[in-house]
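Commentary on secondary and tertiary structure
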Amino acid sequence: MNGAGADGRPRALIVEDEDTLRELIVVTLGEAFACIEATDGDTALALLRESPPDLMLLDVAMPGLSGIDVLREMRADPVLKEVPVCVVSAWQSPGDVAKALEAGADRFLAKPFRVDELASIARSLVERRR
Amino acid sequence: MRRLSLVGRVALLASVVALVVGVIVASALVAILSLRHSEARESQAKDVTVATLRVQELAVEIQSSLRGYVLSSRNQRFLTSLRDQRDELPGALAGLNRLVADDPAQLRRAHAAAEELRGYLQDYVDNVIVIARISPAVAAGPASGDEDRYRTQQIRNTLDLILATENTRSQHRAVHTRAVARTAEIIGIVGLAGSALLVLLFGAWVAHGVARPLRQTAEAATDVARGDLSVRLDEGGVGEVGALVSAFNSMTRSLEVSRRELLLQNERLRESEQHKRDLISMVSHELRTPLSAVLGFTSLLLERDFPGDEQRRYLEIVDTQARRLATLAGDFLDVQLLEGGGFELELAPFDLVELAREQTRLFFSHSESHGLVLDVPDEPVIVNGDRDRLAQVVGNLLSNAIKYSPDGGEVRVVVGERGGRAIFSVSDSGLGIPPEDRERVFDKFFRGAAKTTTVGGTGLGLAVAREIVTTHGGTIDVESTPGHGSTFTFEVPLSLTPAVSA
């Protein structure tokens, strides 16, 4: 899957520990994006450093490194600093949202989300970058 | 030493003071009596002296009358006075004898004087009167005069001896009286000083033994009123005061204990409130994941055309996630039942071994990542219980064991009998539970360290499990070695009748 960018579609890294939700995001974005999947923060960072994607969808509560930790590390890395990130989380109190935005998220999407909203956010983040 | 009560001590001290005052008064009385007696003796001595002097005077008068009779050439007038004086003499002598009757030495002297006087009168006076009638010159001669002087001198000497003795005795008595008065004085002064000292000591003791502890108690009570319940008084006071002090201490002690308990309860309540807030937040989070899947996939299924097999797969996901939501709803329903006062059980005999096989099959058919060791006897273990509810307990223990064991970890399920009870245990190979959390894992909403991990849960499963087991008349507990895993074991009574179902 890592070489999916070759067909011209932008590459999206989906970081989510819940299998069903990861599958939902992949199915939703599958037509417009080449999706790469990670189930935890450490795998996500490894994949990011291997080849920066055009977009990242990031869960917060995960085993090991949390989404916020991943985001902070990314924003400290000059290569990964510009990758657009949408945090997708079930924790959505004003404090949780602020923490995600402070850590460097471009957008915040609360669970449960609408699939068309997810698709439009993904599209706008990629277009803005171009 | 036996400890006297305060009242006993006060009574004892008052008795001592009363005794001392009594002794002083008695001594004074004795001294007064002694003085009065001395006075009586003194006045008697005066009477003896007066009586003796009177006898002496009579003797002198008799001598003068006789001499007058002789020298006046038998003037009858002198003889008449002599006869009068002579008549008066026995009365005076009898008076003297009466006065010295209780004193043998003086009485002896008085008798001697009387004898000498009788001798003087009979042997000399009477003879001189007879001679004077015959020969006045002889009667007035020097021989007669010598005899007279000799005899009267002898009488005077005896009487002087009585006077001197009486005088000496009187002086002795005066010395004795002074000594008695002095002793009485000393007893009075020492007694008064002693009483005053005793009263002072009594006052000091009351101040030390009663007033001071009372004041300290009052101060401590003020501290307690201000809220300082740690204040304690020195114990060991006298009798009732000591009892008051120890009652005060036990009062503050129990107040402190109850306040600590109240604070603890308050803290627990606050924690429980926090748990509830956490629960609401966690519930909404727990609901959001399956809800996202249900909403997302139905939305995709409605908007897009998927091939048949994909369509079926997404519908299966929707089905599973909807069931997950239903389970969550069930948990909350159980919590309401817990708070409403327990479950209604439908009791019937059934085989716990069969239940163990069924539940492990259900849980481990999905989870290839965990190993199962099922250690059950060949014979059935029949219990009289609500099968669905006990299945819920077993399911909860199994899902926890899988949830908290790492991938590749082993879950061990053991069923057996012990002392008329069925035993069911589930061991995991997880992180274990710290000792301080072991009691509380069965509390509602308590999730221990799991709260900070991403392991989902409502913190209700074990609370519901405990309620079900105890309603069956059983017990549930946990043993754990941090780092090596935990073993949850429940016991329920064995059935007395065999299982009816196949």
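Fair warning: this is a prediction, and the values are worked out from it, not measured in the lab.

What follows concerns helix 3 (residues 67-76) of chain A. All names here are of chain A. Within helix 3 the residues assigned to the buried category are Gly67, Ile68, Val70, Leu71 and Met74. One side of helix 3 carries all its buried residues, which in axial view fall inside an arc of 155°. Lining the buried residues of helix 3 we find strand 1 (11-15), helix 2 (41-50), strand 3 (55-59), strand 4 (85-89) and helix 4 (94-102).

This paragraph deals with the pairing of strand 7 (residues 485-493) of chain B. Residue and element names in this part refer to chain B. Inspection of the sheet shows strand 5 (residues 421-427) paired to strand 7 by seven bridges, in the antiparallel sense. Following the sheet pairing, Ser425 is matched in strand 7 by Thr489. One ladder, built from seven bridges, connects strand 6 (residues 475-481) with strand 7; its direction is antiparallel. Across the sheet, residue Glu479 finds its bridge partner in strand 7, namely Thr487. The turn linking strand 6 back onto strand 7 is made up of three residues, and Gly483 within it adopts a positive phi angle of 95°.

We now examine the interface of chain B and chain A. One widely used convention gives an interface's size as the accessible area the parts lose upon coming together. With 14 residues of chain B at the interface, the matching set in chain A holds 17 residues. Elements supplying a minimum of two residues to the side of chain B that touches chain A: helix 6 (239-303) and helix 7 (308-340) of chain B. Counted by class, the side of chain B that touches chain A contains six nonpolar, seven polar and one charged residues.

Below, the discussion takes up the environment of Arg361 of chain B. Within the secondary structure, Arg361 of chain B sits in helix 8 (residues 352-364). Given 11 C-beta atoms within a 10 Å radius, Arg361 of chain B is considered exposed.

This part is about the sheet that holds strand 1 of chain A. Residues and elements named next belong to chain A. The strand order 2-1-3-4-5 describes an open sheet built from five strands, whose pairing is parallel. The open sheet has two free edges, formed respectively by strand 2 (34-38) and strand 5 (107-110), since each of these has just one partner strand. Across the sheet, the mean angle from the axis of one strand to that of its neighbour is 20°, orientation sign disregarded. In this sheet, strand 2 lies alongside strand 1 in parallel orientation, the contact comprising five bridges.

Reading the values: the criteria
- Residues numbered from 1 in each chain as written.
- Chains lettered and ligands numbered in written order.
- Predicted model: local features only at pLDDT ≥ 70, side-chain atom pairs only at ≥ 80, totals over all residues.
- Buried ≥ 20, exposed ≤ 12 C-beta atoms within 10 Å, placed from the backbone.
- Helix = DSSP H or I, 4+ residues; strand = E, 2+ residues; numbered from the N terminus.
- Arc of directions from axis to C-beta.
- Contact = placed C-beta atoms within 7 Å.
- Pairing = 2+ DSSP bridges.
- Nonpolar A, V, L, I, M, F, W, Y, C, P; charged D, E, K, R; others polar.
- Axes fitted to C-alpha atoms, helices over the stretch in contact; angles between N-to-C directions.

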